[in-house]
Amino acid sequence: MFFFLSKLFWLVARPLNLAIFLLLAGLVAGMLGRRRLATAGSVLAFLILVLSTWSSIGVMMLNPLEERFPKPPLPAKVDGIVVLGGSMDGAVNIVRGGYELNASGDRIVEAAVLARRFPTAKVVVTGGPLEMIGEGDADAAPRLLTALGVSADRLILENKSRTTYENAVFTKRLVMPKPGETWLLVTSAFHMPRAKALFDRAGFPTVPWPVDYWTTGRERLYRTSPGDNLEITTKALREWTGLIAYWIAGRIDQPFPGPGG
């Protein structure tokens, strides 16, 4: 239920969709003679589009998430690597049979790099299909990882989860980490606060290993890349919404988890 509610909410709340819905609402209000409502809807839609596409508001929202968990020194010994799904284009891969990466492809690439650096470590890929048509990362990633030299007997695949909460719970149940083991948690830097908090809550201690950075922390207020700005704003809003929702639902202990808890 949580998964479907989040999908429904995000269908409306993502900036571009919200602007379109507001414009449609303004158009209907205008046709019904409600000029104030029509004006309010149009102005609000305009502001959302301008802020999302021509300003650095998305960067300013995303950067604190990316800075929350700095990448630590690499441990001397690693027993396992957990990489969260979301880095592969499942809709294309299920048709083409390949291993096409999306904008978060750094996740699975970094997992392959770490696997070669720690040749005895297990590699867990957790993530089922997120869309109605497509395959999850746990189904597609083995084709890429084995092609890059990671032997199949090192892979542990969890292909049922659809949310970060399920990533943590299902992976813990599948792996059953032992006390004293060191497991790296690989995901996008902006996603690490939520992921680390959920793995901690599930009783799976991990070392955060953030990748897939989108900000430098040095961006200016005005940015001239509308498409990139809109994508970053969308990611930032989605992640902050996810943090707040998980906190309200009692799945994490605080709305902005950090290294101290």
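Residues numbered from 1 in each chain as written. Predicted model: local features only at pLDDT ≥ 70, side-chain atom pairs only at ≥ 80, totals over all residues. Heavy atoms only, no water.

### Regarding the packing of aromatic side chains
Note the following rule: Note on aromatic pairs: the rings of Phe, Tyr and Trp (six-membered ring only in Trp) are paired at centre separations within 6.5 Å, and the planes decide the class, stacked below 30 degrees, edge-to-face beyond 60, tilted for the rest. Remark: exposure states derive from per-residue accessible area (1.4 Å probe, protein chains only) relative to the maximum for the residue type, with buried under 20%, exposed over 50%, and partly exposed in between. Here a strand is any run of E in DSSP of at least two residues, a helix any run of H or I of at least four, and the numbering for each starts at the N terminus.
Under the definition given, this model contains three aromatic pairs. With centroids separated by 5.6 Å and ring planes inclined at 55 degrees, the aromatic side chains of Phe199 and Phe204 adopt a geometry described as tilted. A residue is classified by how much of its surface remains accessible, and Phe199, at 0% relative accessible area, is buried. Taken together, a centroid distance of 5.1 Å and an interplanar angle of 50 degrees make the contact between Trp240 and Phe256 tilted. Of this pair, Trp240 sits in helix α10 (residues 226–248) while Phe256 is found in the segment after α10, placing the two residues 16 residues apart along the sequence. Given the relative accessible area of 23%, Trp240 is considered partly exposed. Taken together, the ring pairs in this structure connect Trp183, Phe199 and Phe204 into an aromatic cluster.

### With respect to the side chain of Thr126
As a reminder of what qualifies: N or O atoms closer than or at 3.5 Å make up a polar contact, with two conditions inside protein: a donor-capable atom paired with an acceptor-capable one, and, for residues adjacent in sequence, both atoms drawn from side chains. Contacts are assigned to residue pairs that have any heavy atoms within 4.5 Å of one another.
Its place among the elements puts Thr126 in strand β2 (residues 122–126). Among the polar contacts made by the side chain of Thr126, one reaches the side chain of Ser161 at a distance of 3.3 Å. A polar side-chain atom of Thr126 sits 3.3 Å from a polar atom in the side chain of Thr171. Sequence-distant contacts of Thr126, that is, excluding residues within four places in its chain, are made with Val82, Val83, Leu84, Gly85, Glu158, Ser161, Asn167 and Thr171.

### Regarding the sheet that holds strand β4 (residues 183–188)
What counts, and what does not: Pairs of strands are assigned from DSSP output, requiring at least two bridges between the strands. To obtain an axis, a line is fitted to C-alpha atoms, over the contacting stretch when the element is a helix, and the angle between two such axes runs from 0 to 180 degrees between their N-to-C directions.
Across the sheet, which stays open at both edges, the five strands sit in the order β3-β2-β1-β4-β5 with parallel pairing between neighbours. Among the strands making up the open sheet, the edge pair consists of β3 (155–158) and β5 (207–211). Ignoring strand direction, the axes of neighbouring strands in this sheet form an average angle of 20 degrees. As defined by bridge partners, β2 adjoins β3 across four bridges and the pair is classed as parallel. Paired with Thr126 across the strands is Glu158, a residue of β3. On the sheet, helix α9 (residues 192–201) packs against β1 (80–84), β4 and β5 and is oriented at approximately 145 degrees with respect to β4.

### Notes on the side chain of Ser52
Structurally, Ser52 is set in helix α3 (residues 35–54). With relative accessibility at 5%, the residue Ser52 sits in the buried group. A distance of 2.7 Å separates a polar atom in the side chain of Ser52 from the backbone oxygen of Ile48. Setting aside residues no more than four positions away along its own chain, Ser52 makes contact with Pro15, Asn229, Leu230 and Thr233.

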